[in-house]
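Letter by letter, the chains look like this.
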Amino acid sequence: MTTLRERQLNALKQMLNLNQPLTKAVATEPTWKVLIYDRVGQDIISPLISIKELRELGVTIHVQLHSDRDSIPEVPAVYFCSPTEENLGRICQDLDNGIYDQYHLNFISPITRQKLEDLAASAIQSNSVMSIHKVFDQYLNFICLEDDLFIMKHQQSDSLSYYAINKGDTKDTEMEAIMDEIVESLFSVFVTLGNVPIIRCTKGNAAEMVAKKLDKKLRENLWDARNNLFHGQAGTFSFTRPMLILLDRNLDMATPLHHTWTYQALAHDVLDLSLNRAVVPEGSGPIVPGQKAKTRICDLDSKDPLWSEHKGSPFPTVAEAIQEDLDKYRSSEAEVKKLKSSMGLDADSDLALSLVSDNTQRLTSAVNSLPQLMEKKRLIDMHTTIATAILNAIKSRRLDSFFELEEKIMSKSSGVESKAVMDLITDPSAGTVEDKMRLFIIYYLCTTQVLDDDYEKFKSALIAANCDIKPMTYMKRWKGFTKMSSQGQYEGGGTKTVSMFSKLVSQGSSFVMEGVKNLVVKKHKLPVSRTVEAALGSSGAGDNELAWLDPRAARTDGAARARAPRHPPPTDAVVFLVGGGSYIEYHNLIDFAKQQAANGITRKIIYGATTLPNAFQFLKQLSLLGEELQ
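Residues numbered from 1 in each chain as written. Predicted model: local features only at pLDDT ≥ 70, side-chain atom pairs only at ≥ 80, totals over all residues. Heavy atoms only, no water.

The protein chain goes by Protein sly1 homolog in an unreviewed UniProt entry, where it is assigned to Vanessa tameamea.

Here is the structure:
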């Protein structure tokens, strides 16, 4: 059972090995080569392979396709790019100029017959047919961020945003193009996984369009005997086929705007974490206008034990974990120092000689553990930097108060009066203008009736606080349009405050936690997790809200549904959000899978989305939609 990330990584490594299977010999002595990618290719590779690993795979130079490149003879050139007109134009130009001697062309998504013929014609014209060694369709058109998390695009992804899918003046042709792009990407995911899914989707929205198109594409591939991509190879999942659950962002609009309390989601919200890389402002002093703030780039990957264990933990827990790691590191450092002094490097040397024999062993082990210690120190420093930056943001924006109030509103555990919301909005010291807007939208969505008077009062308060009120216009229309009672949407949430970070305060920690509440989040299921639970539930009855498509079955929806109860329900799911996902939902789904595992049902859940906007970016999109309505 390999993960989606491992499979994508293996495909990339095989591509860098000139599409030959990887063997032990290759690992020790790779062929040297040049890698040329476009922006899409760069985004796919960068979360998976570091520059150091590229070197180990034999890549000497890696460059952008559209940059000025010098001619390098006698070295194979591996191209990894999308088959777009401009990319192919540039490749033909390279062939014309004879920059390299061997070309290995790898297209991220399949190249059409027409474009391939144009490429061939151009190669004949420039007399370079002999140089093109291989042309491959890689089906890797998605970006894997974690073992069980993928998005479609990062750079130039505005065409896939919530705004692009929901704006009023999208032409049918534009919509078709967006849907085709999503389908292309999902198709790549399943080719990489090696399984044909059973497709479920919410009805009557973008998700359903994607489902129908994907169903058609998978069918066509299964019927095409020559190019069937799914036979022969055993897939990632066990014997049951995975279920692809396609959901629309409109299912739950509050979560993407919700303030959060877990490490990865906070980093995403506060530090703009993208492609597993966070940009952290350094220096605690006030920012001098006109002077560029110093930033430090931190790479967060699954090889980092603290990150992989605590990315879903509440922030206080993370701070404690960093502190513990730091204490451990200090004690190992102290041991090395103690050795130094007993070795007589700074004491009487006669005494030291008698100790040498039993110290040699200790010294050897100390020297051997130095690289690990250095690496540990680097990770601890990095997490301290990140955590301090998050902590400063929590304090300056009073994020704990926002989070606590929003949890109360969303969990309905206690009637939240509009006064509490109003107080936070009117308090000048609390949060940024976006924070206030997010709080109001969540309150507005989760409260069954907000009277017009109240709405106007809030509106004037938000205007007084300098908020951009365009998102309100859109949400008001959206709420009237969907008429969903969001009552009971988010059950059993809420927080409880436990004793003030007692552990951290007593140890004189590097984190000054005064004035930040230590909130423990009660586990609750967000709408996405609840829909997934219903779809994977054993009774096929309670999930009529989702349409059912099976590319392997005969073409009728009814027949597939009738046969379904006879088959065991799938244990594994790929959950995909059309219109943007959020880390909060991702962690919520992981928690759901853990909870199921505790009950003896092992589930493998992969979460995917067209894009991963943070709350600030999502609010901007709502603002653009509101602007259209005015």
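Now that the structure has been shown, we can carry on.
**Considering the pattern of salt bridges**
Heads up, the rule is: Here, a salt bridge means any Lys or Arg side-chain nitrogen found within 4 Å of an Asp or Glu carboxyl oxygen. Helix and strand assignments follow DSSP, with helices taken as H or I runs no shorter than four residues and strands as E runs no shorter than two, numbered in order from the N terminus. For every residue, the accessible area obtained with a 1.4 Å probe (protein chains only) is divided by the maximum for its type, and the residue is called buried under 20%, exposed over 50%, and partly exposed between those limits.
The tally for this structure, following the rule as stated, stands at 26 salt bridges. Its salt-bridge partner being Arg-378, residue Glu-375 comes within 3.1 Å of it at the nearest N-O pair. One end of the pair, Glu-375, and the other, Arg-378, are both in helix 13 (residues 349-397), three residues apart, so they sit about a helical turn from each other. Overall, the relative accessible area of 38% leaves Glu-375 in the partly exposed class. Its relative accessible area of 43% is what places Arg-378 among the partly exposed residues. If you follow the salt bridges from partner to partner, you end up with Asp-269, Arg-397, Asp-435 and Arg-438 in one network.

**Digging into the sheet that holds strand 3 (residues 76-81)**
Applicable threshold: At least two DSSP bridges between two strands are needed for those strands to be called paired. Fitted lines through C-alpha atoms give the axes, limited to the stretch in contact for helices. The angle between two N-to-C directions lies from 0 to 180 degrees. Residues are treated as being in contact if the distance between any of their heavy atoms lies within 4.5 Å.
Read from one edge of the open sheet, five strands run 2-1-3-4-5, paired in parallel fashion. Strands with a single pairing partner mark the edges of an open sheet, and in this sheet they are strand 2 (59-64) and strand 5 (132-137). Shown here is a sheet whose adjacent strand axes are inclined to one another by a mean of 15°, direction ignored. Where strand 1 (residues 33-37) meets strand 2, five bridges bridge the pair, whose relative direction is parallel. When the sheet's bridge partners are listed, Ile-36 is paired in strand 2 with Val-63. Contacts from helix 5 (residues 85-97) reach strand 3, strand 4 (102-107) and strand 5 within the one sheet, and its direction differs from that of strand 4 by about 175°.

**Some remarks on helix 1 (residues 4-16)**
Note: α-helices contain 3.6 residues per turn, so residues at a spacing of three or four share the same orientation. Put simply, the rule is: What a helix is expected to span follows from its residue count: subtract one and scale by 1.5 Å.
Along its 13 residues, helix 1 runs 19 Å from first to last C-alpha, staying within 8% of the 18 Å computed at 1.5 Å per residue. Considered for burial, the residues of helix 1 that qualify are Leu-4, Arg-5, Arg-7, Gln-8, Leu-9, Leu-12, Met-15 and Leu-16. Looking one or two places after helix 1, you find Leu-18, whose phi comes out positive at around 55°.

**Considerations on the nonpolar core**
We apply this condition: Side-chain atoms within 4.5 Å link the members of a nonpolar core, which is a set of buried Ala, Val, Leu, Ile, Met, Phe, Trp, Tyr and Cys residues.
Within the largest apolar cluster, 114 residues are counted, with the highest numbers of intra-cluster contacts made by Leu-35, Phe-150 and Leu-246. Here this core gets 11 residues from one element, more than from any other, and that element is helix 8 (residues 172-193). Leaving out residues up to four positions away in the same chain, Leu-35 has contacts with Met-15, Leu-16, Ile-45, Leu-54, Val-59, Ile-61, His-62, Val-63, Val-78 and Phe-80. Counting residues in hydrophobic clusters, the runner-up holds 37 residues, among them Phe-402, Tyr-444, Cys-467 and Phe-618.

**What about the confidence of the model for the protein chain?**
Stated formally: For every residue, the pLDDT score states the predictor's confidence, bounded by 0 at the bottom and 100 at the top.
The share of residues in the protein chain with pLDDT of 70 or more is 83%, and the mean pLDDT across the chain is 84. When the criterion is pLDDT under 50, residues 497-509 qualifies, and its contacts beyond four places in sequence or with other chains add up to 24 contacts.

**So, the sheet that holds strand 7 (residues 149-151)**
The seven strands lie next to each other as 6-7-16-15-9-8-14, forming an open sheet whose pairing is mixed. Here the strands that pair on one side only, and so sit at the sheet edges, are strand 6 (143-146) and strand 14 (546-549). Neighbour to neighbour, the strand axes of the sheet diverge by 20° on average, direction disregarded. Inspection of the sheet shows strand 6 paired to strand 7 by three bridges, in the antiparallel sense. Considered in strand 7, the bridge of Ile-143 is made with Ile-151. Most of the contacts of helix 9 (residues 206-223) go to strand 8 (residues 198-202), to which it runs at about 160°, and overall it touches strand 8, strand 9 (243-248), strand 14 and strand 15 (573-578).

**Describing the packing of helix 15 (residues 418-426) against helix 17 (residues 452-464)**
Short version of the rule: Each angle gets one of four labels, with under 35 degrees taken as roughly parallel, over 145 as roughly antiparallel, 65 to 115 as roughly perpendicular, and the rest as oblique. By definition, turning the near helix anticlockwise from the far helix through less than a right angle yields a left-handed crossing, and turning it clockwise yields a right-handed one. Residues are sorted three ways: Asp, Glu, Lys and Arg are charged, Ala, Val, Leu, Ile, Met, Phe, Trp, Tyr, Cys and Pro are nonpolar, and all the rest, Gly among them, are polar.
The interhelical angle for the contact between helix 15 and helix 17, taken along N-to-C directions, is 15°, at an axis separation of 9 Å. Between helix 15 and helix 17, the interaxial angle falls into the category roughly parallel. Crossing hand, helix 15 versus helix 17: left-handed. Mapping the contact onto sequence places Ser-418, Val-421, Met-422, Ile-425 and Thr-426 in helix 15 and Lys-457, Phe-458, Ala-461 and Leu-462 in helix 17. Among the residues forming the contact of helix 15 with helix 17, the class breakdown is six nonpolar, two polar and one charged.

**Some remarks on the layout of surface pockets**
Quick note on the threshold: Residues are said to line a cavity or pocket when one of their atoms sits within 4 Å of a point; the points come from a 1 Å grid over protein atoms alone, cavities being sets where a 1.4 Å probe fits but cannot get out and pockets being open sets with protein on both sides within 12 Å along at least five of seven lines. Grid points are joined across faces, edges and corners, and a volume is the space filled by probe spheres set on the points.
Space inside the largest pocket adds up to approximately 1000 Å³. Lining the largest pocket we find 37 residues, and of these Ser-46, Ile-49, Ser-50, Arg-277 and Asp-299 sit closest to its centre. Considering only residue class, the lining of the largest pocket consists of 16 nonpolar, eight polar and 13 charged. Only helix 3 (39-45), helix 5, helix 8 and helix 9 provide two or more residues apiece to the lining of the second largest pocket. A total of six residues in the lining of the second largest pocket trace back to one element, the largest contributor, which is helix 8.

**What to know about the environment of Val-129**
Topologically, Val-129 is positioned in the loop between helix 6 (113-125) and strand 5. On the basis of relative accessible area, Val-129 is assigned to the partly exposed category, the value being 46%. Separated by 26 residues in sequence, Val-129 and Tyr-103 have C-alpha atoms that sit 9.7 Å apart. Residues contacting Val-129, with those up to four places away along its chain left out, are Ala-123 and Ile-124.

**Topic: the packing of aromatic side chains**
We count it as follows: The criterion for an aromatic pair is that two Phe, Tyr or Trp rings (for Trp, the six-membered ring) have centres within 6.5 Å, with stacked assigned to planes under 30 degrees apart, edge-to-face to planes over 60 apart and tilted to the rest. In our convention, an over-ring charge means Lys NZ or Arg CZ found within 6 Å of a ring centre and within 35 degrees of that ring's normal.
In the structure shown here, the tally under the stated rule is 17 aromatic pairs. Ring plane angle 75° and centroid distance 6.0 Å describe the contact between Tyr-100 and Tyr-103, whose orientation is recorded as edge-to-face. A relative accessible area of 3% means that Tyr-100 is categorised as buried. Relative to Tyr-455, the ring of Phe-440 lies with its centre 6.2 Å away and its plane at 55°, an arrangement referred to as tilted. Here Tyr-455 lies in helix 17 and Phe-440 lies in helix 16 (residues 433-446), a separation of 15 residues in the sequence. Summarising the burial analysis for this pair, Phe-440 and Tyr-455 share the class buried. Through a chain of ring-to-ring contacts, three or more aromatic side chains come together here, namely Phe-440, Tyr-443, Tyr-444, Tyr-455 and Phe-458. The cationic tip of Lys-217 hangs over the ring face of Phe-187; the distance from NZ or CZ to the ring centre is 5.0 Å. Sitting above the plane of the Tyr-455 ring, Lys-476 keeps its charged end 4.3 Å from the centroid.

**Some words on empty space enclosed by the protein**
Over the atoms rolls a probe the size of a water molecule, and its path tells where empty space is left. For the coordinates displayed, the defined rule picks out three cavities of 30 Å³ or more. Within this model, the largest cavity holds a volume of roughly 90 Å³. Around the largest cavity sit 14 residues that line it, and Pro-256, His-268, Ser-582, Ile-584 and Ala-615 are the ones nearest its centre. Counting residues per element, the lining of the largest cavity draws most heavily on helix 10 (residues 263-271), which supplies three residues.

**Some words on the environment of Val-574**
Residue placement: Val-574 occurs in strand 15. Val-574 sits in the buried class, given a relative accessible area of 1%. The sequence separation of Val-574 and Ile-245 amounts to 329 residues, and the corresponding C-alpha distance is 6.1 Å.

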